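# Architecture and fold: a report
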Amino acid sequence: MVFSEESDDLWRILARVRKPSRYTGGEWGARIPSETSGGLLRLCLAFPDVYEVGMSYVGFQILYALAETLPGVGVERCYCPWTDMERELAASGRPLFSLEGRRPLKEFHVLGFTLQYELTYTNVLTMLHLGGIPLRSVERGEDDPLVVAGGPGALTPEPMSPFIDAFCVGDGEILLPEILECLRAVKGASREERLRQLASVPGVYVPAFVTYTPGPSGFFVSGGSTPLPVERRFVPDLDKSFAPETMVVPSTEIVHDRAVVEIFRGCTRGCRFCQAGMVHRPLRERAPGSVEHLVEKLLDASGCEEVGLMSLATCDYSHLSAVLDRLCPLLKGRHASLSLPSLRMDAFSVALADSLEPLRRGGLTFAPEAGTARLRAVINKGISEEDMENTVDETFRRGWERVKLYFMMGLPTETTEDLEGILSVSKRLLAIGRRHTKRAQMAISVAGFVPKAHTPFQWDSQATMEELREKGRFLKSRTTDKRITLSYHEPEQTFLEGVLGRGDSRLGDVVERAWRLGARFDGWGESFDFGIWRRAFEETGVDPFPVVLRERGQNEPFPWDHIRSGVRREFLWKERERSREALFTPDCRGACTGCGFERHCLRARGSAGESLDGDCVKRSSCDHPLPVSSGPAREIPQEKGGA
Amino acid sequence: MRLRFLFSKRGRAAFLPHVELPKVFARSLRRAGVLLCHTEGFSPRPKISLGPALPMGVPALAEPGEIWVEKWNQETSDRWKNCLPEGVSVLAVQEVSGPALHTLCELAAYRLRLRNPERLDDAERLLQSGESGLGALKECCRKAEALFFSVETPEKGVGNLVKALIGAEIAAGWDDLFLLRLCVGRSEGDSVSFDFGEECGISLPFPLVNVGGAP
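Every chain begins its residue count from 1, and numbering advances along the sequence as written. Starting at A for chains and at 1 for ligands, labels are handed out in the order in which the entities are written. Restriction of local features to residues with pLDDT of at least 70 applies here, the model being predicted, together with a cutoff of 80 or more for giving and counting side-chain atom pairs; totals for whole chains, interfaces and linings are based on all residues.

## A closer look at the confidence of the model for chain A
Residue-level confidence of the predictor is what pLDDT reports, using numbers from 0 through 100. When the pLDDT values of chain A are averaged, the result is 91; 92% of them are 70 or greater. A residue pair is marked as a contact if its C-beta atoms, positioned from the backbone, fall within 7 Å. The low-confidence segment residues 606-643 of chain A (pLDDT under 50) makes 93 contacts with residues lying over four places distant or belonging to another chain.

## Comments concerning the sheet that holds strand 13 (residues 306-310) of chain A
Residue and element names in this part refer to chain A. When DSSP finds at least two bridges between two strands, those strands are taken to pair. What counts as a helix is a DSSP run of H or I of at least four residues, what counts as a strand is a run of E of at least two, and both are numbered from the N terminus. Reading across the sheet, the three strands line up as 10-13-14 and stay open at both edges, with parallel pairing between neighbours. Two strands in the sheet have a free side with no partner beyond their single neighbour: strand 10 (259-262) and strand 14 (337-339). Within the sheet, the average angular offset between the axes of one strand and its neighbour, ignoring direction, is 25°. As defined by bridge partners, strand 10 adjoins strand 13 across four bridges and the pair is classed as parallel. Bridge pairing in strand 13 links V260 to G308. Axis definition: a line fit to C-alpha positions, over the contact stretch in the case of helices; interaxial angles, taken between N-to-C directions, run 0 to 180 degrees.

## Thoughts on helix 11 (residues 347-356) of chain A
Residues and elements named next belong to chain A. Taken as a whole, helix 11 has its buried residues at S349, V350, L352 and A353. Viewed end-on, helix 11 has its buried residues packed into an arc of 160°, placing them on one side of the element. Away from its buried face by more than 90 degrees, helix 11 exposes A351 and S355. Note on burial: count the other C-beta atoms lying within 10 Å of the residue's C-beta; 20 or more is buried, 12 or fewer is exposed, in between is partly exposed, and C-beta positions come from the backbone. An arc is given here, and it is the one of the directions from the helix axis to the C-beta atoms.

## Re the pairing of strand 3 (residues 110-114) of chain A
Each regular strand shows side chains that alternate between the opposite faces of the sheet. Residues and elements named next belong to chain A. Summarising burial for strand 3: five of the five residues are buried, a large majority. Neither face of strand 3 is open: one carries V110, G112 and T114, the other L111 and F113, and all of them are buried. Summarising the sheet, strand 1 (residues 41-47) and strand 3 pair through four bridges and their orientation is parallel. Along strand 3, the bridge assignment pairs C44 with L111. In this sheet, strand 4 (residues 146-150) lies alongside strand 3 in parallel orientation, the contact comprising five bridges. Residue pairing in the sheet places L111 in a bridge with V147 of strand 4. Here a crossover is taken to be right-handed if, once the strands point away from the viewer, the path from the first strand over the helix to the second is traced clockwise. Considered for its hand, the β-α-β crossover made up of strand 3, helix 5 (residues 121-130) and strand 4 is right-handed.

## Digging into the packing of helix 14 (residues 416-434) of chain A against helix 15 (residues 465-477) of chain A
Each pair of packed helices can be summarised by the angle the axes make with each other and by the distance between the axes. All names here are of chain A. It is the contact of helix 14 with helix 15, at a shortest axis distance of 10 Å, that shows an interaxial angle of 35°. Handedness of the helix 14/helix 15 crossing: right-handed. Each of L419, I422 and L423 in helix 14 lies in contact with helix 15, whose residues at this interface are K471, F474 and L475. All amino acids are sorted into three groups, where Ala, Val, Leu, Ile, Met, Phe, Trp, Tyr, Cys and Pro are nonpolar, Asp, Glu, Lys and Arg are charged, and the leftover types, Gly among them, are polar. Tallied by class, the residues present in the contact of helix 14 with helix 15 amount to five nonpolar, no polar and one charged. Left-handed describes a crossing in which the near helix is turned anticlockwise from the far one by less than a right angle; the clockwise case is right-handed.

Structure (structure tokens):
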């Protein structure tokens, strides 16, 4: 009597590692690609973080389902093995493999990474190394896969440019079919020729074909034998682009375990610190009928008990009430529930959260971001003290007992008064809560601000680690009320995020050195080791401080200048100037701010129908927004659409 | 409507944590278009109960479970079987009434192999000694290089046995052995059988000494 499990050569390893189901695959909706006569173009979607995080990423669900529809393409997935599994694979000599076909990564034609977060960069190297692929593009041979990468990281590609053969800048729904079609056409051609062809696809950036020049902000791209600048690609109309009606359904617990329908992409609020709000323009809304259709299809195909309506600010969706009305019977009939991950701070949002969550699990989370009205005007977070008071009042009135508030510290122009504002606002809001319940509690979370490329604050200096630690301690020491808990992020990760987010191509050496010295899962507190990075900076001779701790000149060339998000540099500068005068720029649905997408916005409005214009007018005069999430906050990268 | 079912958990699906199985079954049933009954209260959950828990890494050939649904027929049963993730199979489904599932789970039968088969005698002695961390040993026999045994009070998890084997230095860890659960049920002569609802007459006996290969 023989049981097949006993001859599984991975079994002993799986029996030793933590959470072995991370590596077993076999989820509903995942398929081993079937061979076709002409041979498959093999694509492996590679997520540089653990399974539970990667499986929560909606972008891969979209791209996986999309790739399955492409003729001649076989798609599989791989996530970064945790350090215990890395050791096991290395010791056994077994290469890192895809979940579906258990195929070593080096046997794929294309490896597609997503760069969602700077502190996953070393994990990309782990996956390449374990997959049997040379780390650097220049070391790869004819038979090695092409390593491509998308996601927000592709907008600031230089720190990863030595390791990535081609970056895809913009929406994956439009780029993935084009690059795969391109590669199918040149299958069998030399690596150089395949990269040439890829570089001719609009939105694709191939670092091998550019030349660098040193500048005050590090090396910048000054030319090359490829079309520059690379313009970000975007789908003009969500209803006309691919949207998945199936998904890979996890069998084990993941971070965000639900079906997800993206209701709009882009944001019109114009918060000056927010990269996502700047680089996903223009606003593109899905029609209510399409949302309803996708929710029904996805719930039935996945069997999920919950569906999330995803966007950067769900309450900004023009047709929210209409969609909720239509979804109600559909959800009831299936015993399914709805989640709205980012609600704003107003009575309507609280009422909405109330209707979605009959049981008061945990609390509600809001993000005022800054402690004073002046600083909120600086960052263009249009919310008044009164809005906050009303929202918190409504929250406690409806029976919640805990409110969590997100703030940032180290924002441009911040003073002690602004930090004290965080404390006094928290106290005032707690007092409002205590009018409703003696058990009222506030949890305050303060993150160090990281100025991001492609935003109005891309010229700004980041607060030093010492400053951030001091600010954190200041806030903590003044939090004396037991009913208020305050936590702040450790400044080392914030620092590194800033360096990798605005760094140049020399950072590639640092990333590799840090990885060789043992840097793994830098986004995870339990494995992050800043000492390793300190050594990596020293040993490579790259000084990280000028990257983040220096205010940049208005016309200074940046290491990401060759990548265009579509938002004009002049607009970003103007917004920065306005921020210094604490001038608020209203939501651009009311009046166009001329960011660079005017033409597309007007076109989108003209074709969307469903009285969008009428809604726009009403909306511009409505109360100030504030994102809120009704679920528990987690210290992991947020879900984002596209790839 | 209360349905009793038998399922197997084979291959790498054996590494699915037991606590995730209700969700796996609930989602697969929803995919099959079945309306589930939910528990009362503020936080309704699908009504599902399963047999005694298994640790990760132990495949199972025939595990019992019960689920409450609004409607059921043969067609939905067939659809369900096609909506499960890889490695999880539903072998039989039957509507039942009467005593609760756990009262029928009196015995559990296992097959144990060790990487070092020379230690099987020691493992057998450990099982006989009553120091195995399991319930009372019902039967135990050697066949080829495997040990077959059944024990009472199956809710005492088989992880205890692995701990005892490691403690006695018979195995160094989970990767040094291969455990498999043959079935859970009641004693019937020299076999363990699971009573699968009296009306339908289905019963799936697993004679200890004669258990076949993979179903």
